[in-house]
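# Residue-level structure breakdown
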Amino acid sequence: MTDNSKPTYELDDHSRRKLANNIYIQSPHLTGALKRIEHCRSSYGVKTEPDCILVYGDRGTGKTSLLKRYIENNDRHVLDDGNMVVPVFDCEVHAASSVSQFYTSVLRGLRDPFAYKGQTVSKGERLHQLLVKMRTQLIIIDEFHELLDGQNKKVMTNVASAIKTLINQTKIPVVLAGTTTAKFVLDGNPELRRRFKTSVQLPRFSIFNEDEKNTFRKFLAEYDKALPFKNRSNFAVNEMYERFFAASMGLPSGISSLISDAVDYAISDGSDCIKIEHLIQGYEIALEDQTEIPGNPFIVNISSLRNWDVMHPEKHKDVFNSSSLRSHAF
Ligand SMILES: Nc1ncnc2c1ncn2[C@@H]1O[C@H](COP(=O)(O)OP(=O)(O)OP(=O)(O)O)[C@@H](O)[C@H]1O
Ligand SMILES: [Mg+2]
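What counts, and where the lines are drawn
- Residues numbered from 1 in each chain as written.
- Chains lettered and ligands numbered in written order.
- Predicted model: local features only at pLDDT ≥ 70, side-chain atom pairs only at ≥ 80, totals over all residues.
- Heavy atoms only, no water.
- Phe/Tyr/Trp six-rings, centres within 6.5 Å; stacked < 30°, edge-to-face > 60°.
- Helix = DSSP H or I, 4+ residues; strand = E, 2+ residues; numbered from the N terminus.
- Buried < 20%, exposed > 50% of the residue type's maximum accessible area, 1.4 Å probe, protein only.
- Lys NZ or Arg CZ within 6 Å of the ring centre and 35° of its normal.
- Contact = heavy atoms within 4.5 Å.
- Pairing = 2+ DSSP bridges.
- Axes fitted to C-alpha atoms, helices over the stretch in contact; angles between N-to-C directions.
- Salt bridge = Lys/Arg side-chain N within 4 Å of Asp/Glu carboxyl O.
- Domains from an automatic or database assignment.
- Buried area = accessible area lost by both parts, 1.4 Å probe.
- Nonpolar A, V, L, I, M, F, W, Y, C, P; charged D, E, K, R; others polar.

All chains considered together, the criterion is met by eight aromatic pairs. A ring pair is formed by Phe219 and Tyr223, whose centres lie 5.7 Å apart and whose planes are at 70°; its orientation type is edge-to-face. Separated by four residues within a single helix, Phe219 and Tyr223 lie in helix H9 (residues 210-226), roughly one turn from each other. On the accessibility criterion, Phe219 (7% relative accessible area) is buried. What makes Tyr223 buried here is its relative accessible area of 4%. Their ring planes at 55° and their centres at 4.8 Å tell us that Phe235 and Phe244 sit as a pair that is tilted. Overall, the relative accessible area of 0% leaves Phe235 in the buried class. Put simply, the rings of Phe205, Phe208, Phe216, Phe219, Tyr223 and Phe245 pair up and form one aromatic cluster. If you follow Arg16 out to its NZ or CZ, it ends over the ring of Phe229, 5.1 Å from the centre.

Here's what the structure looks like:
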């Protein structure tokens with residue numbers, strides 16, 4: 001229902017599409033990750049060495065979405081005395097960044113209008129002053145894996161060392177986020193590693209044991225429930241969840257891009273739910289070019305689909321690894 005109690009399926013097409021593209025499902029592992037992040041933040045002002053955390057996972061497992069959500073719930077605000085505070089903010093590191101570019105990125109995260117100005121040292125000093133002024137309690141640095149220089153396979157130690165200094169001098173906890181490579185980057189920097197006692201992995205969904213299967217089905221059922229259609233599309237029912245798993249290879253990004261395109265087809269058809277033909281078309285548009293599976297999982301009969309490698313616990317990783325989904329989010 002919207003504010004004026006109109007059911008979402010009665011909204012105009014544009015609003016329905018927008019709503020469908022903004023669905024976020026809080027699955028249990030995300031709740032667990034949020035708690036761990038909050039725990040780190042609460043070490044600010046308490047511990048002399050703040051608790052920092054690494055959030056890692058394959059591309060499209062939902063790292064950035066989770067962190068943006070955390071920021072939304074702890075967003076910048078103006079205090080009664082008129083001062084702006086920024087308790088939490090995010091920024092990114094980029095491949096081949098210098099320390100100066102890294103400071104610019106952090107200053108931009110703080111929305112400093114002069115983020116590009118000054119030499120490295122003065123930028124660093126301004127950053128420290130701003131962090132104090134804005135009463136920041138947690139800094140999120142995304143795309144941390146980019147610190148591994150693609151060409152030289154060398155970790156950009158200057159930036160890693162600037163992050164370490166930032167933590168030491170400000171005592172503000174840091175969340176680093178990135179692909180599984182981020183773990184190697186951190187392991188390659190023992191001094192920085194020491195400050196990151198915990199890490200949390202955002203996994204792909206799986207259907208190879210009862211608990212994981214139920215979590216995946218629940219995710220699909222909640223997605224279905226949140227869609228702006230009069231009737232349910234029954235994504236979580238028998239067989240259908242298996243088709244979704246094969247199509248997305250367990251990645252939330254795959255599911256959301258598939259559903260997003262299927263929603264467009266269903267809305268333009270005037271359908272009261274997403275039907276199999278919309279998923280067939282959605283898969284062709286959103287995912288087909290990026291997967292190494294033998295056909296469209298919404299067309300093939302279920303017994304053939306169950307014989308595909310992606311549906312077998314001992315073989316599915318090979319399919320993930322050979323698909324371009326591995327390196328590109330949907
Ligand atoms: N919990 C969720 N519920 C619904 N959709 C989600 C969820 N998590 C992620 N998505 C979808 O997956 C897309 C990709 O997620 P996100 O960018 O957060 O992944 P990522 O792990 O940061 O990927 P990358 O490593 O490429 O940066 C999002 O745009 C969103 O559409
Ligand atoms: Mg991301």
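Glancing now at the environment of Leu192. By the secondary structure assignment, Leu192 is in helix H8 (residues 190-193). For Leu192, a relative accessible area of 2% translates into the label buried. When residues no more than four places from it in sequence are discounted, the contact partners of Leu192 are Phe144, Ala160, Ile163, Lys164, Ile167 and Leu186.

Looking now at the sheet that holds strand E5 (residues 138-142). In space, the five strands of this open sheet follow the order E4-E5-E8-E1-E9, with parallel pairing throughout. A single partner strand is all that each edge strand has here, and the edge strands are strand E4 (88-92) and strand E9 (198-201). Sheet twist, expressed as the average angle between the axes of neighbouring strands with direction ignored, equals 20°. With four bridges joining them, strand E1 (residues 53-56) and E9 adopt parallel strand pairing. Bridged to Tyr56 within E9 is Gln201. Along the sheet face, helix H4 (residues 99-109) touches E4 and E5 and points at about 145° away from the line of E4.

The final tally for this structure, using the stated rule, is 14 salt bridges. Two residues, Lys47 and Asp51, come together in a salt bridge whose shortest N-O distance is 3.0 Å. On the basis of relative accessible area, Lys47 is assigned to the partly exposed category, the value being 40%. Its salt-bridge partner being Arg306, residue Glu242 comes within 2.8 Å of it at the nearest N-O pair. Here Arg306 lies in helix H13 (residues 302-306) and Glu242 lies in helix H10 (residues 240-248), a separation of 64 residues in the sequence. Glu242 sits in the buried class, given a relative accessible area of 9%. Using a relative accessible area of 38% as the deciding quantity, one classes Arg306 as partly exposed.

A separate point is the domain arrangement of the protein. Here the domain parsing of the protein yields domain 1 (8-25 + 205-326) and domain 2 (42-201). Between the C-alpha centres of domain 1 and domain 2 there is a distance of 34 Å. Taken residue by residue, the interface counts six residues in domain 1 and seven residues in domain 2. When domain 1 packs against domain 2, close to 520 Å² is buried across both sides, 60% of that on carbon and sulfur atoms. Counting across the interface, domain 1 meets domain 2 through zero salt bridges. Among the residues making up the side of domain 1 that touches domain 2, the classes are represented as four nonpolar, one polar and one charged.

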